[in-house]
Amino acid sequence: QLQAFGGGLVKSGDSLTLVCAACGPTFTSITTDAVGWFRQAPGKDLEFVASIGWNGRSTYYADSVRGRFTISRDNTKYTVSLEMNNLEPEDTAVYYCASDPSGGTGSNSGGYDYWGQGTLVTVSS
């Protein structure tokens with residue numbers, strides 16, 4: 001199981017860090033999973049944001065966030081973070097984390113097996 005935390009209401013240009021925490025009986029399995037962040041804005045489809053390999057060495061970003069967002073992980077704490085800087089109103093969405101035990105770090109949401117409940121990020125102009 002995954003839980004996403006850290007959403008909130010911020011102003012354009014502000015920063016926010018989201019955290020995806022593993023929980024439940026198999027929480028330690030996140031240390032060998034690839035993890036991705038996705039988001040869904042009101043009235044829009046689910047969109048890939050970023051992903052990270054199990055050991056943190058491989059990271060991938062959507063063009064819309066590259067250079068502003070940073071994904072990282074701490075396997076000793078069973079967490080994956082998404083640091084978001086220079087936020088824009090277009091970043092407003094519900095953000096979800098998801099894991100792929102097969103290690104895939106792709107941008108296709110269908111490749112991820114386990115999903116957190118989402119956390120809302122609202123960026124005002």
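Residues numbered from 1 in each chain as written. Predicted model: local features only at pLDDT ≥ 70, side-chain atom pairs only at ≥ 80, totals over all residues. Heavy atoms only, no water.

**Q** What is the right way to look at the side chain of threonine 92 in this model?
**A** Within the element layout of this structure, threonine 92 appears in the loop between strand 8 (79-84) and strand 9 (93-100). Engagement of the side chain of threonine 92 in a polar contact is seen with the backbone oxygen of proline 89, the distance being 3.0 Å. Once residues lying within four places of it in the same chain are set aside, the contact partners of threonine 92 are Ala41, Pro42, Val121, Thr122 and Val123. (Helix = DSSP H or I, 4+ residues; strand = E, 2+ residues; numbered from the N terminus. Polar contact = N/O pair within 3.5 Å; in protein donor to acceptor, adjacent residues only side chain to side chain. Contact = heavy atoms within 4.5 Å.)

**Q** Quick question: what am I supposed to make of the state of the cysteines here?
**A** By definition, a disulfide links the sulfur atoms of two cysteine residues through a covalent bond. The full count for this structure, using the stated rule, is one disulfide. Left without a disulfide partner, cysteine 23 is nearest to the cysteine sulfur of cysteine 20, which lies 8.8 Å away. (Disulfide = S-S within 2.5 Å.)

**Q** Whenever I open this one, the pattern of salt bridges confuses me. Can you help?
**A** Between side chains of opposite charge, pairing is possible as soon as their charged atoms come close. Across all of its chains, the model carries five salt bridges by this definition. Residue arginine 66 is joined to aspartate 63 by a salt bridge in which the shortest nitrogen-to-oxygen separation is 2.5 Å. Since its relative accessible area comes to 48%, arginine 66 is described here as partly exposed. The exposure class assigned to aspartate 63 is exposed, which follows from its relative accessible area of 65%. Between arginine 68 and aspartate 91 there is a salt bridge, with its nearest N and O atoms 2.8 Å apart. Pair noted here: arginine 68 is in the loop between strand 6 (59-61) and strand 7 (69-74) and aspartate 91 is in the loop between strand 8 and strand 9, with a separation of 23 residues, a long-range link. The exposure class assigned to arginine 68 is buried, which follows from its relative accessible area of 10%. Through salt bridges with shared partners, a single network forms among Arg39, Glu47, Arg68, Glu88 and Asp91. (Salt bridge = Lys/Arg side-chain N within 4 Å of Asp/Glu carboxyl O. Buried < 20%, exposed > 50% of the residue type's maximum accessible area, 1.4 Å probe, protein only.)

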